[in-house]
Amino acid sequence: MSRITLLAGGVGGAKFALGLRAHLRAADPAAELTIVVNTGDDLWLTGLRVCPDLDSVMYALAGVNDLERGWGRADESERVSAELTAYGVGWPWFTLGDLDLGTHIARTSLLRDGLPLSEATARLASRWDLGARLLPATDHEVPTLVEVPLEGGDDPHATEFLHFEEWWVRYRAGRPARAFLQQGMASSVPAPGVLEAIEEADVVLVAPSNPVVSIGTILGIPGIADAVRRTTAPVVGLSPIIGGAALRGMADVCLTAIGVETSALAVAEYYGLRAADGLLDGWLVDTADVDAVDCLSALGFDVIARPLRFTSVEETAAIAADALSLAQARRGLGTVPPVE
Ligand code: GDP
Ligand code: CA
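Here is a short report on the structure shown in this document. (Residues numbered from 1 in each chain as written. Chains lettered and ligands numbered in written order. Predicted model: local features only at pLDDT ≥ 70, side-chain atom pairs only at ≥ 80, totals over all residues. Heavy atoms only, no water.)

**Some details on the packing of helix H4 (residues 98–112) against helix H5 (residues 117–125)**
- Running from amino to carboxyl end, H4 crosses H5 at an angle of 135°, the nearest separation of the two axes being 9 Å. Between H4 and H5, the crossing angle belongs to the class labelled oblique. Crossing geometry of H4 relative to H5 is assigned as right-handed. For the pair H4 and H5, contact is made by Thr103, Ala106, Arg107, Leu110 and Leu111 and by Leu117, Ala120, Arg123 and Leu124, respectively.
- Residues of the contact of H4 with H5, tallied by class, amount to six nonpolar, one polar and two charged. (Axes fitted to C-alpha atoms, helices over the stretch in contact; angles between N-to-C directions. Helix = DSSP H or I, 4+ residues; strand = E, 2+ residues; numbered from the N terminus. Parallel < 35°, antiparallel > 145°, perpendicular 65-115°, else oblique. Left-handed = near helix turned anticlockwise from the far one by under 90°. Contact = heavy atoms within 4.5 Å. Nonpolar A, V, L, I, M, F, W, Y, C, P; charged D, E, K, R; others polar.)

What follows is the structure, given as structure tokens:
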């Protein structure tokens, strides 16, 4: 039996998780999949706790996500949201569908009953056949804030802080980010089970999620990056950057803001090599970035190039299989898949 732990954000994480689950169901049905999900995007809105990344992963694995929009529930309506807007409550630019609101109400109800987010998440997840255990990275509130220049003031150096979702959804990441910070991060602790899931895993995978505000937030919670450095499991990541651009989403803006080039190579270097106190042993790049393979191999990474655009669950499952083979080869089990 193998224990596989995936670190994931929302949409990129969910797409990969679907393929990984499909592969495991076919090739290793006894495998235990744990997904540690980013909670930096979580927020209180209209009195409800909204957890965008946990919900993206849960909806995708439950098969009830909206494939066209890429987020939220399929067959969604927005009657409640229209009422909230009529009352002037909530963010009119942040759509909360009716079915989606059902999730947020249920979660908030469980939280108000005194359950930590990890238990509330387990309760919500138990409704579906997810084939994976979902763990929020932390039970603490660690909202990602984005520092942007203050608009309309006299002082050109004055800044303000926006919640990440306001910066992302309302301003489409268009206001220049000076910095990202996770409020409350320093005093947060990993949710129960997170460190064990990393330390006791046979393989740790890092999804092709936003390296700064999804994976970066997970790794920033005290103890998690250390667990990734310490685990005896090989750690293999997949590049969210293909041919110098982010697919859907604006990870490039986040990378630029922290001074990292938008390339598969630079993101691997940013995560760093575990042998040099970094976080990764292996890295998958897209075939468009095959030029980076030699350079990263010379640095010590195990690297292969694969088409990393997740166009179907079957193709994603094949990529997941290769990511696992790359990891298993590190453990002396099986051989390294061909580089291309
Ligand atoms: P978010 O929380 O919804 O923003 O999603 P994540 O943090 O999980 O992932 C966002 C990242 O996923 C973006 O940087 C995209 O480049 C990446 N992404 C989305 N779709 C794909 C895909 O099909 N393949 C790869 N390799 N990356 C993807
Ligand atoms: Ca997110």
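Text resumes after the structure shown.
**Remarks on the coordination of the calcium ion (ligand 2)**
- Those donors, Asp41 (OD), Asp53 (OD) and Asp53 (OD), are the protein atoms that reach the calcium ion (ligand 2), and they lie 2.0 to 2.7 Å from it. Of the two residues, Asp41 sits in the loop between strand E2 (32–37) and strand E3 (43–45) while Asp53 sits in helix H2 (residues 52–62), which places them 12 residues apart along the sequence. Each member of the pair Asp41 and Asp53 is classed as buried. (Donors = N, O, S within 2.8 Å, 3.2 Å for Na, K, Ca; no water. Buried < 20%, exposed > 50% of the residue type's maximum accessible area, 1.4 Å probe, protein only.)

**Let's talk about the environment of Ala132**
- With respect to the element layout, Ala132 can be found in the loop between H5 and strand E5 (133–136).
- In this structure Ala132 comes out as buried when scored by relative accessible area, which is 18%.
- Considered as a pair, Ala132 and Gly63 are 69 residues apart in the sequence and their alpha carbons are 13 Å apart.
- Excluding residues within four positions of it along the chain, Ala132 makes contact with Leu33, Ile35 and Leu61.

**Some thoughts on the layout of surface pockets**
- Looking at the largest pocket, its volume works out to about 1,100 Å³.
- Taken together, 44 residues make up the lining of the largest pocket; nearest its centre are Val11, Gly70, Trp71, Trp168 and Gly249.
- In terms of residue count, the dominant contributor to the lining of the largest pocket is H2 (five residues).
- Of the residues in the lining of the largest pocket, the class split is 21 nonpolar, 14 polar and nine charged.
- Put simply, the second largest pocket is a space of about 360 Å³.
- Lining the second largest pocket are 20 residues; nearest its centre among them are Val11, Lys15, Leu18, Asn65 and Leu67. (1 Å grid on protein atoms, 1.4 Å probe; cavity = no way out; pocket = protein on both sides within 12 Å on 5 of 7 lines; lining within 4 Å. Points joined across faces, edges and corners; volume = space filled by probe spheres on them.)

**Looking at the nonpolar core**
- Leu7, Trp167, Leu219, Tyr271 and Trp283 are the most contacted members of the largest nonpolar core, which has 56 residues in total.
- No other element matches the five residues that helix H11 (residues 264–271) contributes to this core.
- Leu18, Val57, Leu61 and Ala323 belong to the second largest nonpolar core, which has 47 residues in total. (Core = buried A, V, L, I, M, F, W, Y, C linked by side-chain atoms within 4.5 Å.)

**Quick word on the sheet that holds E2**
- Strand order in the open sheet formed by seven strands is E5-E2-E1-E9-E10-E13-E14, and the pairing between neighbours is parallel. Two strands close off the open sheet at either side, each with one partner strand: E5 and strand E14 (302–306). Ignoring strand direction, the axes of neighbouring strands in this sheet form an average angle of 20°.
- Direction of pairing for strand E9 (residues 203–206) relative to strand E10 (residues 235–238): parallel, over a ladder of three bridges. Residue pairing in the sheet places Val206 in a bridge with Gly237 of E10.
- Sheet contacts for helix H1 (residues 11–27): strand E1 (3–8), E2, E9 and E10; angle to E1, the most-contacted strand, approximately 165°. (Pairing = 2+ DSSP bridges.)

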